[in-house]
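What follows is the residue order along each chain.
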Amino acid sequence: MPIQPPYGAPPAPYGGPVPPAPYGGPPPAPYGVAHPPPYGVPADGPEFMAHDRHNSVIVDASGVSLEVNGHTMDFPWQGVATVHHAPSPHGGAVLMVAVTHPSGMLYECRIDARRKAQLHQWLAELGPVLHHYLANRA
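Just so you know, these numbers come straight off a predicted model, no measurement behind them.

Draft legend 1. Structural view of the overall build of the chain. In terms of helices and strands, the chain carries one helix and seven strands. For the chain, the proportion of its 138 residues judged to be buried stands at 26%. Of the roughly 9,900 Å² of accessible surface on the chain, a fraction of 61% belongs to carbon and sulfur atoms.

Right, here's the structure in full:
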């Protein structure tokens, strides 16, 4: 008498494409493929990123992202009235970035640069990036 596997026949080897999703919607984008930015913002453009152990700021074609103690706030360019940036008035090497929402709400992030040279580099890089995205808006 032949020996039968305990759970039926082994599965057939994979040999074809994956069937389409049953709901008929578009397939998800492959991992690592960039999605086009919303609201007609150019897909390419300058980027800025600064971070310390607790906080960070990212400015790119999709908008401004502030992370403060693990809480992230994303502001697409349509949701940004203006962005202010400056060194801390109390001395030290702290970059202050504030996003003003069209409603008037202000969201602020402070990033410790540790060294004044790093702070000066961030200030020199951030201004032109913000100008690129904010200068020609309607």
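Draft legend 2. Main features of helix H1 (residues 116–134). The terminal C-alpha atoms of H1 lie 27 Å apart, and with 19 residues this matches the ideal 27 Å at 1.5 Å per residue to within 8%. For H1, every residue scored as buried is listed here: Gln 118, Leu 119, Trp 122, Leu 126, Val 129, Leu 130 and Tyr 133. End-on view of H1: buried residues confined to an arc of 105°, all on one side of the axis. Facing away from the buried side of H1 by over 90 degrees, the exposed positions are Ala 117, His 120, Ala 124, Pro 128 and His 131.

Draft legend 3. Spotlight on the packing of aromatic side chains. Applying the stated criterion across every chain, the model contains two aromatic pairs. Between Trp 77 and Tyr 133, the aromatic rings sit 5.1 Å apart at their centres with planes inclined by 20°, giving stacked as the arrangement. Of this pair, Trp 77 sits in the loop between strand E4 (71–76) and strand E5 (82–87) while Tyr 133 sits in helix H1, placing them 56 residues apart in sequence. Given the relative accessible area of 4%, Trp 77 is considered buried.

Draft legend 4. Spatial organisation of the nonpolar core. Of all hydrophobic cores here, the largest spans 24 residues; its most connected members are Phe 48, Val 57, Val 59, Val 64, Leu 66 and Leu 95. Those elements that provide at least two residues to this core are strand E1 (48–51), strand E2 (55–60), strand E3 (63–68), strand E6 (94–100), strand E7 (106–112) and H1. A per-element tally of this core places H1 first, with six residues. When near neighbours in sequence (up to four residues on either side) are disregarded, Val 64 contacts Val 57, Ile 58, Val 59, Met 73, Asp 74, Phe 75, Trp 77, Val 83 and Val 99.

Draft legend 5. Quick peek at the side chain of Ser 56. Assignment of secondary structure puts Ser 56 in strand E2. With a relative accessible area of 12%, Ser 56 lands in the buried category. For Ser 56, the residues in contact, after removing those within four places along its chain, are Ala 50, His 51, Ser 65, Leu 66, Glu 67, Cys 109 and Ile 111.

Draft legend 6. Just the environment of His 51, in detail. Looking at where His 51 falls in the secondary structure, it is placed in strand E1. Separated by 62 residues in sequence, His 51 and Ala 113 have C-alpha atoms that sit 7.9 Å apart. With residues up to four places along the chain from it excluded, the contact list for His 51 reads Ser 56, Ile 111, Asp 112 and Trp 122.

Draft legend 7. Just the sheet that holds E1, in detail. Reading across the sheet, the four strands line up as E1-E2-E3-E4 and stay open at both edges, with antiparallel pairing between neighbours. Looking at the sheet topology across the chains shown, the edges are occupied by E1 and E4. The sheet shows a mean angle of 5° between the axes of neighbouring strands, taken without regard to direction. When E2 meets E3, the two strands line up antiparallel, connected through six bridges. Looking across to E3, one finds that Val 57 is bridged to Leu 66. Along the sheet, H1 contacts E1 and E2; its crossing angle with E1, the most-contacted strand, is approximately 140°.

Rules behind the numbers
- Just so you know, the residues in each chain are numbered from 1, in the order the chain's sequence is written.
- Since the coordinates come from a predicted model, pLDDT governs what is reported: local features require at least 70, and pairs of side-chain atoms require 80 or more to be given and counted, while whole-chain, interface and lining totals use all residues.
- Each side-chain value is worked out from all heavy atoms of the structure, with water and hydrogens disregarded.
- Secondary structure is summarised from DSSP: a helix means a run of H or I of at least four residues, a strand means a run of E of at least two, and numbering begins at the N terminus for each.
- Throughout this description, buried means an accessible area under 20% of the type-specific maximum (1.4 Å probe, protein chains only), exposed means over 50%, and partly exposed covers the range between.
- Note on areas: Shrake-Rupley, 1.4 Å probe, and residue coverage restricted to the protein chains presented here.
- Here, expected helix span is obtained from the residue count minus one, scaled by 1.5 Å.
- In this description, one arc is meant: the one made by directions from the helix axis to the C-beta atoms.
- Only the six-membered ring of Trp is used, alongside the rings of Phe and Tyr, when aromatic pairs are assigned; centres must lie within 6.5 Å, and planes under 30 degrees apart are stacked while those over 60 apart are edge-to-face, with the rest tilted.
- Here, nonpolar core refers to any group of buried Ala, Val, Leu, Ile, Met, Phe, Trp, Tyr and Cys residues whose side-chain atoms link them within 4.5 Å.
- Contacts are residue-level and defined by heavy atoms, with any inter-residue pair within 4.5 Å sufficient.
- The rule for pairing is simple: two strands pair if DSSP sees at least two bridges between them.
- Helix axes use the C-alpha atoms of the stretch in contact, all axes being lines fitted to C-alpha atoms, and the angles between their N-to-C directions lie in the range 0 to 180 degrees.

Keep in mind these numbers describe shape, not what the thing actually does.
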